[in-house]
Amino acid sequence: MQQPSAASLSKILLRDAVDSDNGIAVLDANNIFLFHNRAFACMFGFPDGAMLGKHYDDMMAWAYTHRSGPLIEAASLDEWLAHVHSRQRSVRFRSFEVDLIDGRWLLLNEQVHTGGEMVVLCTDISKQKKVEFELKQAHADLQRLALTDELTGMPNRRHFFQQLDTELARARRYRHPMCLAMLDLDHFKRVNDRHGHPAGDAVLRHFAAFMRQHLRAVDMIGRLGGEEFAILLPETGVEEALFVLRRMVEQLARQTVDAVAPGFAYTFSGGVAAADDANSVDCKWLLAGADQALYQAKSGGRNRVNAYLPDANAPAPADAA
Ligand SMILES: Nc1nc2c(ncn2[C@@H]2O[C@H](COP(=O)(O)OP(=O)(O)OP(=O)(O)O)[C@@H](O)[C@H]2O)c(=O)[nH]1
């Protein structure tokens, strides 16, 4: 097969460059446009041929004032151009993405030649970016779902324990007090049995909102499962935690959930364990202590909050995790 001459190859390549759906431009060493095709002009919001002989900065300034071309988030056009100049020709080849004011995305490849000329290839990647954003959003949604209890919208067991780990490490490092409380609704099975499962769900949602209302923003609440919740109270000693939780017992006694049944009321029991700097505790210890105190509150008649008071001579609380 006969090889095409260099001249005919150049002709094919030039025709391809002119007609391509990808934007193609050539700038000289002073950033004057020597060539651009229709697609390139169109991508930046200019008519075909409008950029020829013009300086890159002037074209970008025109686009900026006519609200077309790249989305410029810098404080001013000059600041943005200074940033562009610091990058352009800094390497022989670079590839980067640009978002445009009209929402489209372009992939730009800049190739610098020995004389300082620069060939710019531009591809519209809006469709790929849309898929990329949707995937990122879906991933974020999945992550949120994996860490959130669907019924109450609060952190689930896994998320709560992650937070507990972090917070306990911080409290121990800075020798700050911290408490863990476990709360459990009393006779919740009866609510379901008497009023139905949806009513039980409404009570769980009510309790979640009640807790949010009566705790500080820094207190972290989680639903461990069923009708069991946990609260992490940073910077809080056991006496203060008991005061807060016992006040919640009294406040809940003054509320009714009429959506379940007129005058319907419910109670909860709680157990608190403290991680003050005297205790060399870990999450399991804290959890087991709070669980033990909760058990005592339940067996002591419910509708109350007890504290786990470690005795230096007593064995560690049974494992509740
Ligand atoms: N409506 C509803 N019920 C749930 C959910 N998760 C667990 N439950 C119910 O919660 C009830 C818990 O019952 P138990 O563990 O016997 O505890 P209790 O009746 O609260 O009794 P005490 O804890 O001893 O006061 C069970 O009937 C579960 O079916 C939920 O998401 N929604």
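Residues numbered from 1 in each chain as written. Predicted model: local features only at pLDDT ≥ 70, side-chain atom pairs only at ≥ 80, totals over all residues. Heavy atoms only, no water.

- In the annotation of an unreviewed UniProt entry, the chain is listed under the name diguanylate cyclase and assigned to Rugamonas rubra.
- Reading the Catalytic activity (unreviewed entry) entry of the UniProt record for the chain gives the comment "2 GTP = 3',3'-c-di-GMP + 2 diphosphate". (UniProt positions renumbered as here; feature names shortened; annotations may be inferred.)

**Observations concerning the pattern of salt bridges**
Here is step 1 of the chain: Applying the stated criterion across every chain yields a total of 14 salt bridges.
Here is step 2 of the chain: Close ionic contact of Glu235 with Arg170 constitutes a salt bridge, the shortest N to O distance being 3.4 Å. One end of the pair, Glu235, is in the loop between strand S8 (228-234) and helix H9 (238-253); the other, Arg170, is in helix H6 (residues 157-173), with 65 residues separating them in the sequence.
Here is step 3 of the chain: We classify Glu235 as partly exposed; its relative accessible area is 37%.
Here is step 4 of the chain: Linking Asp193 and Lys189 is a salt bridge whose minimum nitrogen-to-oxygen distance equals 3.0 Å. Here the residue Asp193 and the residue Lys189 both occupy positions in helix H7 (residues 188-195), the gap between them amounting to four residues, near one helical turn. (Salt bridge = Lys/Arg side-chain N within 4 Å of Asp/Glu carboxyl O. Helix = DSSP H or I, 4+ residues; strand = E, 2+ residues; numbered from the N terminus. Buried < 20%, exposed > 50% of the residue type's maximum accessible area, 1.4 Å probe, protein only.)

**Quick word on the pairing of strand S4 (residues 105-112)**
Here is step 1 of the chain: Counting buried positions along S4 yields six of eight residues, so the element is predominantly enclosed.
Here is step 2 of the chain: Hairpin connection, strand S3 (residues 93-99) to S4: the antiparallel pair is bridged by five residues, and Gly103 has positive phi, about 95°.
Here is step 3 of the chain: Two elements, S4 and strand S5 (residues 118-124), share seven bridges in a ladder whose sense is antiparallel. Note on S5: the bridge partner recorded for Val112 is Met118.
Here is step 4 of the chain: If you look at the hairpin formed by S4 and S5, you'll find five residues sitting between the two strands, and Gly116 has a positive phi there, around 95°. (Pairing = 2+ DSSP bridges.)

**Quick word on the site of the ligand**
Here is step 1 of the chain: His187, Phe188, Asp201, Arg223 and Arg302 are the nearest of the 16 residues found near the ligand.
Here is step 2 of the chain: Measuring from a nitrogen atom of the ligand, one finds a backbone N or O atom of His197 at 3.1 Å.
Here is step 3 of the chain: Compared with its free state, where it exposes 670 Å², the ligand has 67% of that area covered by protein.
Here is step 4 of the chain: For the shell around the ligand, the secondary structure elements donating two or more residues are strand S6 (178-185), H7 and helix H8 (197-214).
Here is step 5 of the chain: Ranked by residue count, the leading element in the shell around the ligand is H8, at four residues. (Near = heavy atom within 4 Å. Polar contact = N/O pair within 3.5 Å; in protein donor to acceptor, adjacent residues only side chain to side chain. Areas by Shrake-Rupley, 256 points an atom, 1.4 Å probe, with all protein chains shown as cover.)

**Describing the sheet that holds strand S9 (residues 268-274)**
Hydrogen bonds between backbone atoms are what pair the strands of a sheet, whose relative direction is either parallel or antiparallel.
Here is step 1 of the chain: Within the open sheet, the five strands sit side by side as S7-S8-S6-S9-S10. Their pairing is mixed. The open sheet has two edge strands, strand S7 (220-225) and strand S10 (305-307), and neither has a second partner. The average angle at which neighbouring strand axes cross in this sheet is 20°, direction not considered.
Here is step 2 of the chain: In the sheet, S9 pairs with S10 via three bridges, with the strands oriented parallel. What sits directly across from Gly271, in S10, is Asn306.
Here is step 3 of the chain: The sheet strands contacting H6 are S6, S7 and S8, and the helix crosses S7 at an angle near 135°. (Axes fitted to C-alpha atoms, helices over the stretch in contact; angles between N-to-C directions. Contact = heavy atoms within 4.5 Å.)

**Re the nonpolar core**
Here is step 1 of the chain: Leu183, Phe207, Met211, Ile231, Met248, Phe268 and Val272 are the most contacted members of the largest nonpolar core, which has 37 residues in total.
Here is step 2 of the chain: Contributing elements (two or more residues each) for this core: S6, H7, H8, S8, H9, S9 and S10.
Here is step 3 of the chain: Tallying contributions element by element places H9 first for this core, with eight residues.
Here is step 4 of the chain: Counting residues in each nonpolar core, the second largest holds 26 residues, with Ala41, Ile72, Leu100 and Val120 among its members. (Core = buried A, V, L, I, M, F, W, Y, C linked by side-chain atoms within 4.5 Å.)

**What about H6?**
Here is step 1 of the chain: An ideal rise of 1.5 Å per residue puts 24 Å on 17 residues; H6 measures up with 24 Å between its terminal C-alpha atoms.
Here is step 2 of the chain: What H6 keeps buried is the set Phe160, Leu164, Glu167, Leu168 and Ala171. One side of H6 holds all its buried residues, which, seen down the axis, span an arc of 105°. For H6, exposure combined with an orientation more than 90 degrees from the buried face picks out Arg158, Thr166 and Arg173.
Here is step 3 of the chain: Taken from the residues just after H6, Arg175 is the one with a positive phi, measuring 55°. (Expected span 1.5 Å × (residues − 1). Arc of directions from axis to C-beta.)

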